[in-house]
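# Results of the structural survey
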Amino acid sequence: MKNPIIEVEEDKLLVTLKKEFYEKKAVFAAAYKFTDKCSIKIEPIDEYYVGIYFTPLKDHDDIDAGLNKIAKAFCNEALDQQIR
């Protein structure tokens with residue numbers, strides 16, 4: 001099984017989700033819940049996956065260590081939004 005969380009740069013993480021399991025509305029709803037903690041960019045990777053990039057906000061530089069925790073929480077939130 002592929003790990004959905006990838007460290008792209010020192011302060012940037014990528015979460016990959018399969019489009020067949022997660023609808024666009026669920027991904028955006030989950031991402032919105034984390035916009036106060038980090039900057040989020042959503043873009044398609046290919047026809048099967050969508051990529052969600054997480055970077056700390058400038059005024060939250062201390063969040064670097066917790067970025068992985070936020071990405072994991074996002075995965076749970078995306079699942080929660082999908083089943084609603």
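Counting restarts for each chain: residues are numbered from 1 in the order of the written sequence. Under the rules for a predicted model, residues below a pLDDT of 70 receive no local features and side-chain atom pairs below 80 are neither given nor counted, while totals for whole chains, interfaces and linings still include all residues. Excluding hydrogens and water, the side-chain figures rest on all heavy atoms present in the structure.

### Description of the pairing of strand β4 (residues 49-56)
- Only protein chains enter the accessibility calculation, which uses a 1.4 Å probe; a residue whose area is less than 20% of its type maximum is buried, one above 50% is exposed, and one in between is partly exposed. Put simply, DSSP H or I for four residues or longer makes a helix, DSSP E for two residues or longer makes a strand, and each gets a number counted from the N terminus. With six of eight residues buried, β4 lies mostly within the body of the structure.
- The sheet contact formed by strand β2 (residues 12-18) and β4 spans six bridges and is antiparallel. Of the residues in β4, the one forming a bridge with K18 is Y49.
- Pairing geometry for strand β3 (residues 38-44) and β4, over seven bridges, is antiparallel. Counted as the bridge partner of K41 is Y53 from β4. Any two strands are treated as partners once DSSP identifies two or more bridges connecting them.

### Quick word on the packing of aromatic side chains
- Ring pairs are drawn from Phe, Tyr and Trp, using the six-membered ring of Trp, whenever the two centres fall within 6.5 Å, and their geometry is named by plane angle: stacked under 30 degrees, edge-to-face over 60, tilted for the rest. According to the stated counting rule, one finds two aromatic pairs in the structure shown.
- Ring geometry for F34 versus F74: centroids 6.3 Å apart, planes at 70 degrees, classification edge-to-face. Of this pair, F34 sits in the loop between α1 (24-32) and β3 while F74 sits in helix α2 (residues 67-83), and the two are 40 residues apart along the sequence. Across this residue pair, the class does not change: F34 and F74 are buried.
- Judged by centre distance (5.3 Å) and plane angle (65 degrees), the rings of F54 and F74 are edge-to-face.

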